[in-house]
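Coordinates in review
Spelled out from the first residue to the last, the chains are:
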Amino acid sequence: MRNLDLPITKLAGVGKVKAAAFEKLSIRTVGDLLFHFPSRYENRGLITPLAEGSPALVQSYVLTVSSLPKTARIGGRMTITKFRAFDDSGSIEIAYFNTPYIADKFHVGETFRFYGKLAEKGGRYSMSSPTAERFDPAKPLPALYAVYPLAAGLNANTLRACVRQALELAHGEIADYLPGEIRAAYGLPTLAYAIENIHVPLDADALGRAARRLAFDEMLESALAARLMKAAQTKITAERMEDIDLAPLYAALPFALTGAQRRTVDEIVADLHKGVGRDAPRMGRIIIGDVGSGKTACALAAIYLALKNHCQAVLMAPTEILASQHYADLAPMLEGFGFRVEKLTGSTTAAEKRRIKAAIASGECNLVIGTHALIEDDVCFARAGLVVCDEQHRFGIAQRAKLLAACPRAHMLVMSATPIPRTLSLVLCGDLEVSRLDEMPPGRQNVDTFFVDGGYRARLNAFIEKQVSAGGQVYVVCPAIEPDIGDGADDAVTVSAFDVPTEEQPPLRSAVELSETLSARFPQFSVACVHGKLRPAEKNDIMTRFAAGEIQILVATTVIEVGINVPNASLMIVENAERFGLSQLHQLRGRVGRGARKSYCVLVSDSKGERAVQRLRLMCRTNDGFIIADEDLKMRGPGDFLGTEGARQSGEGRYFRMAALCNDPGLFEDASHAAEQLLAADPSLSSDALAPLRARLDAVLKSGGETMN
Ligand code: ADP
Ligand code: MG
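Every value quoted in this text rests on a predicted model; they were computed, and no experiment measured them.

Comments concerning the nonpolar core
Side chains of a nonpolar character, in soluble globular proteins, are inclined to be buried together. Phe 22, Leu 33, Ile 198, Phe 216, Leu 220 and Leu 224 are the most contacted members of the largest nonpolar core, which has 94 residues in total. For this core, the element with the highest residue contribution is helix H6 (residues 204-233), accounting for 12 residues. Residues contacting Phe 216, with those up to four places away along its chain left out, are Leu 178, Ile 182, Tyr 186, Leu 188, Leu 667, Asp 670, Ala 671 and Ala 674. Of all hydrophobic cores here, the second largest spans 42 residues; its members include Ala 297, Tyr 304, Leu 307 and Val 341.

Okay, here's the thing in structure tokens:
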């Protein structure tokens, strides 16, 4: 047995309890742990003189101990251990709590690198519980420390210690699954090197090389998997649909379709009508169209066609809110044609679920609209002919495949609001045919966009007041939920790992705090706050009240990013705009300007970083999502398209964990190149040299294996 396959409990310090915590991260073996990659890095290598320290930032200070540590009781069983330390520019008090034995570590005259946050009280500075490492100028300390996604029962230090043990155990065992020629052609280090340096980077350079290699692997695998799936897909038969007159549907719509919408519907109709008798090759098609380009109407036409052909249809949305909105939009119209539409989400009660599932199984329910609950609840369909996934920017091949497995004779239509650059769509949606909705419905206004710093706060408040007084509504988006939240929050924005350590980041504004500030500032208006920690029912309730105009100012995290439609909203303010990807900002901006009101987007950022400023200026220059996407790819690489959101979800999102963090624009093209090269030489990847790679691919595709054969 290889050490890599040893259970995690073989590591010193990991017993039953810790093993259960690791299990929550899907880590069972030593090898699993090595593939649990950091989400970011602490840079302890930048030493700040005490006099220049900032209480807002975690920083490194090299200080010499100047007083003997003293431990005192502070009520109950609590203790505090204190001593003083200094550098050339000043001195501070350092305190540790409830760890009296720590006193043995610090002796007068010894020098340590302390990593922590300064606190100031009455002009006196102190630091509590900083990380301390013995400092010896002759033996430089590493600068970069990995920070891992955690689970309850595991802390950062435990994880680091376990990873170090795992690296030692696995030494010499990490075999490479990439052929040497590919590594040489694209300048990639070995897998062993990459794994070692992603966890314990020698320096920033080594980290960059390691991340690039691991990101390359993810992209290559995705490109290969997509192509293999596409090849398999065309062999599957699905329900063939007769051409149906769509005129009654069009007559029921309050608008005429744009040229791009018509073209897209034609493409779908043609796909569904291929083949003979009752069998058509399964359609796999994605509609890529900017926010507001009218994807729903295209999906509606496809659904109508399926229902008229006596097939059932399924519409899966990424969030509860969006599922509700689709239900509200589509159900009345389809019910007008005599069809039955149901909604099934995580918050549907058990009794309701039973009733709906029975109606789906019997065929009485024609269209079901829902969230992931649809796949988790093993719903059985009488005759599913069409699956529509409104994915926004998630590209979950495995998840789609799971839904399709429950609908073996269904066609698949995917909607994506991220205008994906062409080069990326090869890797990201290589298994799908692409329809581009590159024409906006008539009368769409451009949203005027401004980029300001915090100094504009007063003017910004005046602008909010003006908008709301005139009857409009305002969104304010923040990157964090609560003040000082760690990176565990599900809709907080992760700081991109590989370009941050040296660039100072302005502190995060939090939604909860800002909504309190705005409530106090505008007592005459109704202010609410919505974020990912609320229960779905609460979220839904707030969104519904905002849509109804009862709430005028909605402070939110990115939960509102996905597809919500409130035509009366006229102002979008994004705090800490530097933390968001351009495509994400573009999505957020798309929440306003949906109705008749002249609309505005204000990007607030105190960042002095040149790149951040350049990116935000681009947002002010254009409203065209396809242009923004191309520029974003050029400036930042593919990370934003892969969705840091998705990456944080377990399961499919982990697929692009490294790729999402690696800001290397050329890497994507390299990976799809390599995929083509490999498949051209060996279409089924069955040669011995590719066996390890094929094995990995099979593992990746296993959850979607039903469509692979
Ligand atoms: P998205 O592509 O972002 O999903 P939607 O399908 O939600 O966009 O459409 C956005 C808005 O535009 C909706 O209010 C919809 O009713 C409207 N719309 C869609 N197509 C047209 C059209 N051809 N003409 C006018 N309005 C349209
Ligand atoms: Mg939509």
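On we go from here.
Section: the sheet that holds strand E21 (residues 527-530)
Strand pairs in the sheet, formed through backbone hydrogen bonds, run parallel or antiparallel to each other. One open sheet accounts for 6 strands, arranged E19-E24-E23-E20-E22-E21; its pairing is parallel. Looking along the sheet, the strands with just one partner apiece sit at the ends: strand E19 (448-452) and E21. Strand-to-strand twist across the sheet, computed as the mean angle between neighbouring axes with direction ignored, equals 15°. Two strands pair when backbone bridges link them, and E21 and strand E22 (residues 553-556) are joined in this way by 4 bridges, in the parallel orientation. Bridged to Val 530 within E22 is Ala 556. Sitting on the sheet, helix H15 (residues 457-469) is in contact with strand E20 (473-477), E22, strand E23 (569-574) and strand E24 (600-604), with an inclination near 160° to E23.

Notes on the site of ligand 1
Not every one of the 16 residues close to ligand 1 is listed here, only the nearest: Ala 256, Gly 292, Lys 295, Thr 296 and Arg 444. Between an oxygen atom of ligand 1 and a main-chain N or O atom of Ser 293, the distance comes to 3.4 Å. Gly 294 places a main-chain nitrogen or oxygen 3.1 Å from an oxygen atom of ligand 1. Protein coverage of the free-state accessible area of ligand 1, which is 560 Å², stands at 77%. Classifying every residue of the shell around ligand 1 gives 5 nonpolar, 7 polar and 4 charged.

Digging into the pattern of salt bridges
For the structure on display, the rule yields 35 salt bridges. Residue Asp 5 pairs with Arg 2 through a salt bridge whose shortest N-O separation is 3.0 Å. Arg 545 is the partner of Asp 541 in a salt bridge, and the nearest nitrogen-oxygen pair spans 3.2 Å. Residue Asp 541 and its partner Arg 545 are located together in helix H17 (residues 536-547), separated by 4 residues, close to a single helical turn.

Section: the side chain of Ser 672
Examined against the element boundaries, Ser 672 turns out to sit in helix H24 (residues 667-681). In this structure Ser 672 touches Arg 227 and Val 427, once residues within four positions along its chain are discounted.

Concerning the packing of helix H10 (residues 320-336) against H17
Close contact between H10 and H17 brings their axes to 9 Å; oriented N to C, the two are set at 50°. What the angle tells us is that H10 and H17 run oblique. Classified by chirality, the crossing of H17 by H10 is right-handed. In this structure, H10 contributes Glu 320, Ile 321 and Ser 324 to the contact, and H17 contributes Pro 536, Lys 539, Asn 540 and Met 543. Taken together, the residues of the contact of H10 with H17 sort by class into 3 nonpolar, 2 polar and 2 charged.

A look at H24
For H24, which comprises 15 residues, the first-to-last C-alpha distance of 21 Å matches the rise-based estimate of 21 Å (1.5 Å per residue) to within 8%. Every buried residue of H24 is listed here: Leu 667, Phe 668, Ala 671, Ser 672, Ala 674, Ala 675, Leu 678 and Leu 679. What you see down the axis of H24 is that its buried residues fit within an arc of 155°, all on one side. For H24, the exposed residues set more than 90 degrees away from the buried face come down to Ala 680 and Ala 681.

Observations regarding the packing of aromatic side chains
Tallied over the entire structure, the rule returns 13 aromatic pairs. When the centroid spacing of 5.8 Å and the interplanar angle of 50° are considered together, the rings of Phe 35 and Phe 37 count as tilted. Ring centres 5.0 Å apart and planes at 55° place the aromatic pair Tyr 475 and Phe 546 in the tilted group. Of this pair, Tyr 475 sits in strand E20 while Phe 546 sits in helix H17, and the two are 71 residues apart along the sequence. Each of the two residues, Tyr 475 as well as Phe 546, counts as buried. Over the ring of Phe 112 we find Arg 134; its NZ or CZ atom is 5.7 Å from the centre of that ring. Here Lys 598 stacks its cationic end above the ring of Tyr 600, 5.7 Å away from the centre of that ring.

Basis of the calculations
Residues numbered from 1 in each chain as written. Chains lettered and ligands numbered in written order. Predicted model: local features only at pLDDT ≥ 70, side-chain atom pairs only at ≥ 80, totals over all residues. Heavy atoms only, no water. Core = buried A, V, L, I, M, F, W, Y, C linked by side-chain atoms within 4.5 Å. Buried < 20%, exposed > 50% of the residue type's maximum accessible area, 1.4 Å probe, protein only. Helix = DSSP H or I, 4+ residues; strand = E, 2+ residues; numbered from the N terminus. Contact = heavy atoms within 4.5 Å. Pairing = 2+ DSSP bridges. Axes fitted to C-alpha atoms, helices over the stretch in contact; angles between N-to-C directions. Near = heavy atom within 4 Å. Polar contact = N/O pair within 3.5 Å; in protein donor to acceptor, adjacent residues only side chain to side chain. Areas by Shrake-Rupley, 256 points an atom, 1.4 Å probe, with all protein chains shown as cover. Nonpolar A, V, L, I, M, F, W, Y, C, P; charged D, E, K, R; others polar. Salt bridge = Lys/Arg side-chain N within 4 Å of Asp/Glu carboxyl O. Parallel < 35°, antiparallel > 145°, perpendicular 65-115°, else oblique. Left-handed = near helix turned anticlockwise from the far one by under 90°. Expected span 1.5 Å × (residues − 1). Arc of directions from axis to C-beta. Phe/Tyr/Trp six-rings, centres within 6.5 Å; stacked < 30°, edge-to-face > 60°. Lys NZ or Arg CZ within 6 Å of the ring centre and 35° of its normal.

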